[in-house]
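In case you want the letters, here they are:
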Amino acid sequence: MTGTDRAGRAVAEAVVAAPARTVYELLTGLETWPRLFPWILHTEPLERDGHDDVVRYWGITDQETIRTWVSRRHLDPDALRMKFEQEGAIGEVARLTGSWSFTPGRDGGTRVEAVHAFEVAEGAPTAPEKVAAMFHGRTRVQLARLTECAEGLAELDRRTLSFSGSLSVRADPAEVHRVLAEPRRWPELLPDVVHAHTVDKAPGVHFLELAERDADGDVRTSRTARLVLPGKVVFKDLSPSGAVTQHTGQWRVAPAPEGATVTVTQAVVLDPARPASSADVHRRLVGSPLSLLRALSRPPRATG
């Protein structure tokens, strides 16, 4: 195939019953992506220059795979438009550019148009028409989620709880980061942890299967996608339960005069059908991290 034969384009649209600027800011605000899209683990800005930036994304493509990609973005908050270009090739797609446009409607709503222009790699077995259909299908899912969140933003904010706290740990910052990044020691540090097993997918990227005993003595097993970066560990719960429908967070480790300061930040979205008090959710989510940090601060047991 020639370069022209390998090129394709996919366009998807949606009408959202929310103000255009609200929808634009939801889509372009990096901090909202892990909450906005269940398949996004983390976003990390690499460069920023005015309305231009370079962003790395980590996405959970299924329950077994985490992939990453980098995009250059140009944001135009006046025109309510974002252009992007993906760096490098991913799979059969050798080049990908596109745009998101947000046009205010007379009724106060928004028409969103997403355009993906691509070129498949030379020799790729998949026809451009199939790649276009793939992009169209994925974008429709993305638009549906964007519509749901924008139209119910006030309710979503009401159901979202955020927790943040710091603790001083009398231990070497590198060791603290290592224990947070490699949970195999958690059962010996925390009596309620029955087992902690990681499945590595790439350097610094893994799934954590954790079994914990609750206050009633029952064992709850969870599965979490985790990303280890310098000075922090990011996670997303893939099996939220009870009143929680979504749970994301991160640990940040910084040097301190007597060891390290660890900051734990978590955000949860509550299930409206299963009401729970913020105190109950806070106790459940913050208890284990604080117990782990306190365990790291204990002096080693004497032996011999």
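Each remark here, short or long, concerns the structure printed above.
Quick caveat: nothing in here was measured; it's all calculated off a predicted structure.

Asker: Whenever I open this one, the pattern of salt bridges confuses me. Can you help?
Answerer: Oppositely charged side chains can pair when the atoms bearing their charge come close. Counting across every chain of the model gives 17 salt bridges. Across the pair Glu-119 and Arg-6 runs a salt bridge, and its minimum N-O distance is 3.0 Å. Of this pair, Glu-119 sits in strand 7 (residues 110-120) while Arg-6 sits in the segment before strand 1 (7-16), and the two are 113 residues apart along the sequence. With relative accessibility at 11%, the residue Arg-6 sits in the buried group. Two residues, Glu-87 and Arg-72, come together in a salt bridge whose shortest N-O distance is 2.8 Å. Residue Glu-87 is found in strand 5 (residues 81-87), and its partner Arg-72 is found in strand 4 (residues 66-76); the two are separated by 15 residues along the sequence. For Glu-87, a relative accessible area of 36% corresponds to the partly exposed category. Of the residues examined, Arg-72 reaches a relative accessible area of 40% and is grouped as partly exposed. Linked by salt bridges that have partners in common, Glu-175, Arg-178, Arg-185 and Glu-188 make up one network.

Asker: In this structure, what is going on with the environment of Gly-231? I would like to understand it.
Answerer: Relative to the helices and strands, Gly-231 resides in the loop between strand 11 (219-229) and strand 12 (232-237). With relative accessibility at 30%, the residue Gly-231 sits in the partly exposed group. In this structure the C-alpha to C-alpha distance between Gly-231 and Arg-178, which are 53 residues apart in sequence, comes to 9.8 Å. With residues near it in sequence (within four places) discarded, Gly-231 still touches His-177, Trp-251, Arg-252 and Val-253.

Asker: Help me understand the sheet that holds strand 5, please; the structure alone is not making it clear to me.
Answerer: Each strand in a sheet pairs with another by means of backbone hydrogen bonds, the pair being arranged parallel or else antiparallel. An order of 1-7-6-5-4-3-2 is seen for the 7 strands of this open sheet, with the pairing classed as antiparallel. With partners counted over all chains shown, the strands left at the sheet margins are strand 1 and strand 2 (40-49), one partner each. Recorded for the sheet is a direction-independent mean angle of 20° between the axes of neighbouring strands. As paired strands, strand 4 and strand 5 are joined by 7 bridges and run antiparallel to one another. Following the sheet pairing, Arg-73 is matched in strand 5 by Phe-84. Along the sheet face, helix 1 (residues 20-28) touches strand 1, strand 4, strand 5, strand 6 (93-104) and strand 7 and points at about 155° away from the line of strand 6.

Asker: Mind showing me how you'd approach the packing of aromatic side chains here?
Answerer: Each aromatic ring pair is described using two quantities: the centre-to-centre distance and the angle formed by the ring planes. Overall, the coordinates contain 6 aromatic pairs when judged by the stated rule. Consider the rings of Tyr-24 and Phe-102, whose centres lie 5.7 Å apart with planes at 85°: the pair is edge-to-face. A residue pair is termed long-range when its members are at least 10 positions apart, and Tyr-24 in helix 1 and Phe-102 in strand 6 qualify at 78 residues. An aromatic cluster is present here, built from Trp-33, Phe-37, Trp-39, Tyr-57 and Trp-69 joined pairwise through their rings. The positively charged end of Arg-67 is found above the aromatic ring belonging to Trp-69, 4.3 Å away from the centroid. The positively charged end of Arg-223 is found above the aromatic ring belonging to Phe-207, 4.4 Å away from the centroid.

Asker: Explanation requested: helix 3 (residues 128-151) in the structure shown.
Answerer: Side chains of residues three or four places apart in an α-helix project in the same direction, reflecting 3.6 residues per turn. Spanning 24 residues, helix 3 covers 34 Å between terminal C-alpha atoms, matching the ideal 34 Å at 1.5 Å per step. Within helix 3, the full set of buried residues consists of Pro-128, Val-131, Ala-132, Phe-135, Thr-139, Gln-142, Leu-143, Arg-145, Leu-146, Thr-147, Cys-149 and Ala-150.

Asker: Looking at this structure, I do not really get the sheet that holds strand 10 (residues 205-213). What am I missing?
Answerer: Overall, antiparallel pairing links the 7 strands, which are arranged 8-14-13-12-11-10-9 in an open sheet. At either end of the open sheet lies a strand with only one pairing partner, and these are strand 8 (160-169) and strand 9 (193-202). Shown here is a sheet whose adjacent strand axes are inclined to one another by a mean of 20°, direction ignored. Against the sheet, helix 5 (residues 173-181) contacts strand 8, strand 10, strand 11, strand 12, strand 13 (244-256) and strand 14 (259-270), and its axis sits at roughly 160° relative to strand 13.

Asker: It is not clear to me how the nonpolar core should be interpreted in this structure. Could you clarify?
Answerer: Val-23, Leu-27, Trp-100, Phe-102, Phe-118 and Leu-146 are the most contacted members of the largest nonpolar core, which totals 40 residues. For this core, the element with the most residues is helix 3, which contributes 7 residues. Apart from residues lying up to four places away in sequence, Phe-102 is in contact with Ala-20, Val-23, Tyr-24, Leu-27, Ala-79, Leu-80, Thr-110, Arg-111, Val-112 and Leu-146. Core analysis: the next-biggest nonpolar cluster, separate from the first, contains 22 residues, Val-176, Ala-196, Phe-235 and Leu-292 among them.

Rules of the game
Residues numbered from 1 in each chain as written. Predicted model: local features only at pLDDT ≥ 70, side-chain atom pairs only at ≥ 80, totals over all residues. Heavy atoms only, no water. Salt bridge = Lys/Arg side-chain N within 4 Å of Asp/Glu carboxyl O. Helix = DSSP H or I, 4+ residues; strand = E, 2+ residues; numbered from the N terminus. Buried < 20%, exposed > 50% of the residue type's maximum accessible area, 1.4 Å probe, protein only. Contact = heavy atoms within 4.5 Å. Pairing = 2+ DSSP bridges. Axes fitted to C-alpha atoms, helices over the stretch in contact; angles between N-to-C directions. Phe/Tyr/Trp six-rings, centres within 6.5 Å; stacked < 30°, edge-to-face > 60°. Lys NZ or Arg CZ within 6 Å of the ring centre and 35° of its normal. Expected span 1.5 Å × (residues − 1). Core = buried A, V, L, I, M, F, W, Y, C linked by side-chain atoms within 4.5 Å.

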